[in-house]
Amino acid sequence: MHPTTRSLRQRISQSWPATVLLDALYRRDDVWIATTPAERDAVFRLRHAVYAEEQGDTGGHIDHGRFIAPGDHDPECILIGCGPRHAPEATVRVHTWEPGCVPPDYARNHALRRFEGIDRLRVSHVGYLMLKPSLRSSLRGLGFVLGAMELAGRTARPDILFAHAAPGLLARYERFGFRTYGAPVFSSTRGPEVPLCITADRAWLRASASLWAPVILQLVDEGVIAESPTRLRSPFETANRPSDPERLREAWQRPHALSALSLDASRAVLRHARRFEVRPGVCLHIEGFVEKDLILVVDGTVRRERGQRVVDHKGPGSLLGVEAWMEPGSRHRHTVRTVTGATILTLSGRRLRKLCARHPILSAELGALLDHRRPATPTAPSSLPPEVSLV
């Protein structure tokens, strides 16, 4: 992270009152809960535009240009929108369960048993967070995310908040204060998901430079939510961090499709990579879904499928999702599923393109390795060890 950026976030989380931060970024009237059928339909239409049309997600019930996800009509679920109520610009869903009422499938996927006394806590999940392209990476978009957190906190009053994210989006969630806690990666209709959690741990929030810290701390000070007990710290303290530099370097030293990168280029890539241990049967890519992440198989075996047909198997060193870097917005041509337990490194295609823009040498080296359409060079795919492949 750039030191100036972290310094700013540190000052925000430690000293800015939440009201000052929120008032500077959005008007509270702009963030609302969808309560009428018309407002909920407007949210579903935005979802359809982002998930179904832009990203190729078919995991919801699609009906007349609306994307309705399982659980949307549950009484414990609220839909939050931003902007005009007839045409929201952003939306998020918050699902809340009373103590001991979390569905078994959810509890298993998110490894809730890692948290002592979880059955005595009010659990919320934030999901289906999406913004129109014009709001992404904007202050108005940031204002919505902060405002939605405040509204969700005042409405749901959770004791602990969970989410899950694609590996390539992990850094974005971490900026808001979410942390991994050792729960295994699982499959959803969108591909691999990493379980995340945020708690009202005052000491950690102040030290973390979380952008949500001012909002959460103000809700604690007002008595809207309770400060988290110290027993909830254990899963975070004992879990391996996906961004742990030593574990990343150890994985990178094995033969793989990017082994020919120079030391400087490798360092640039590793600063933004994440390492995960994945169980058998987890979908890493889903056919027809938009390309986002590059996945480097460190060990284990994966299977590529097209429709109902098995195409081939790939082993350690293989690189999946090259199109995520070469062709932004392209679609997966195969479903990729782990056959055995596997160790993978992931890197967001969007992040990699930004790195290439800042580091011309990295761009040239990756181009020579990944672009099959270019003439062969000393570092072209044909010079790679026979046991690794680019797909």
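Structure first, text after, so check above.
All values reported here derive from a predicted model rather than from experimental measurement.

### Digging into the pairing of strand E14 (residues 309-314)
- As defined by bridge partners, strand E13 (residues 302-306) adjoins E14 across 5 bridges and the pair is classed as antiparallel. Residue pairing across strands places Arg306 opposite Arg309, the latter belonging to E14.
- Counting the residues that bridge the hairpin from E13 to E14 gives 2 residues, and of these Gly307 lies at a positive phi of roughly 65 degrees.

### Topic: a positive patch on the surface
- Together, Arg172, Arg271, Arg350, Lys354 and Arg358 make up a region of like positive charge exposed at the surface.
- If one sorts the elements of the positive patch by residue count, helix H13 (residues 349-358) sits on top with 3 residues.
- Topologically, Arg271 is positioned in the loop between helix H11 (263-270) and strand E10 (274-278).
- On the basis of relative accessible area, Arg271 is assigned to the exposed category, the value being 56%.

### Remarks on the packing of aromatic side chains
- The final tally for this structure, using the stated rule, is 9 aromatic pairs.
- Ring geometry for Phe115 versus Phe162: centroids 5.5 Å apart, planes at 80 degrees, classification edge-to-face. Here Phe162 lies in strand E7 (residues 160-165) and Phe115 lies in the loop between helix H4 (104-109) and strand E6 (123-131), a separation of 47 residues in the sequence. Judged on exposure class, the residue Phe115 and its partner Phe162 are both buried.
- Ring pairing ties together the aromatic residues Phe115, Phe162, Tyr181 and Phe236, which thus form one cluster.
- Between the NZ or CZ atom of Arg47 and the centre of the ring of Tyr128, over which it lies, the distance is 4.6 Å.

### Points about the pattern of salt bridges
- Taken as a whole and judged by the stated rule, the model has 25 salt bridges.
- Notably, a salt bridge pairs Glu277 with Arg275, separated by 3.2 Å at the nearest N-O pair.
- Relative accessible area serves as the criterion here: at 40%, Glu277 is assigned to the partly exposed category.
- The class for Arg275 is buried, based on a relative accessible area of 10%.
- A salt bridge links Arg303 to Glu305; its shortest N-O distance comes to 2.9 Å.
- Here Arg303 falls in the partly exposed class, since its relative accessible area comes to 22%.
- In the salt-bridge network here, residues are joined through shared partners; they are Arg247, Glu250, Arg254, Arg275, Glu277 and Asp299.

### A few points about the side chain of His125
- Considering the arrangement of structural elements, one finds His125 in strand E6.
- In this structure His125 comes out as buried when scored by relative accessible area, which is 8%.
- One polar contact links His125 to Tyr106, side chain to side chain, over a distance of 2.7 Å.
- Once you skip the residues sitting within four places of it in the chain, His125 turns out to touch Arg93, Val94, His95, Trp97, Tyr106, His110, Leu161, Phe162, Ala163 and His164.

### Focus: the nonpolar core
- Residues Ile80, Phe144, Phe178, Trp212, Ile216 and Leu284 are the most contacted members of the largest nonpolar core, which totals 51 residues.
- For this core, the element with the most residues is helix H5 (residues 139-156), which contributes 8 residues.
- For Ile80, the residues in contact, after removing those within four places along its chain, are Val31, Trp32, Ile33, Ala90, Thr91, Val92, Val94, Phe144, Ala148, Leu151 and Ala152.
- Leu248, Ala257, Val322 and Leu345 belong to the second-largest nonpolar core, a separate cluster that totals 26 residues.

Conventions adopted
- Residues numbered from 1 in each chain as written.
- Predicted model: local features only at pLDDT ≥ 70, side-chain atom pairs only at ≥ 80, totals over all residues.
- Heavy atoms only, no water.
- Pairing = 2+ DSSP bridges.
- Helix = DSSP H or I, 4+ residues; strand = E, 2+ residues; numbered from the N terminus.
- Patch = residues over 30% accessible without salt bridge, like charges linked within 9 Å, V, L, I, M, F, W, Y side chains within 5 Å.
- Areas by Shrake-Rupley, 256 points an atom, 1.4 Å probe, with all protein chains shown as cover.
- Salt bridge = Lys/Arg side-chain N within 4 Å of Asp/Glu carboxyl O.
- Lys, Arg positive; Asp, Glu negative; His and termini not counted.
- Charge placed at Lys NZ, Arg CZ, Asp CG, Glu CD.
- Buried < 20%, exposed > 50% of the residue type's maximum accessible area, 1.4 Å probe, protein only.
- Phe/Tyr/Trp six-rings, centres within 6.5 Å; stacked < 30°, edge-to-face > 60°.
- Lys NZ or Arg CZ within 6 Å of the ring centre and 35° of its normal.
- Polar contact = N/O pair within 3.5 Å; in protein donor to acceptor, adjacent residues only side chain to side chain.
- Contact = heavy atoms within 4.5 Å.
- Core = buried A, V, L, I, M, F, W, Y, C linked by side-chain atoms within 4.5 Å.

So far we have only geometry, and geometry alone does not tell us how the molecule works.
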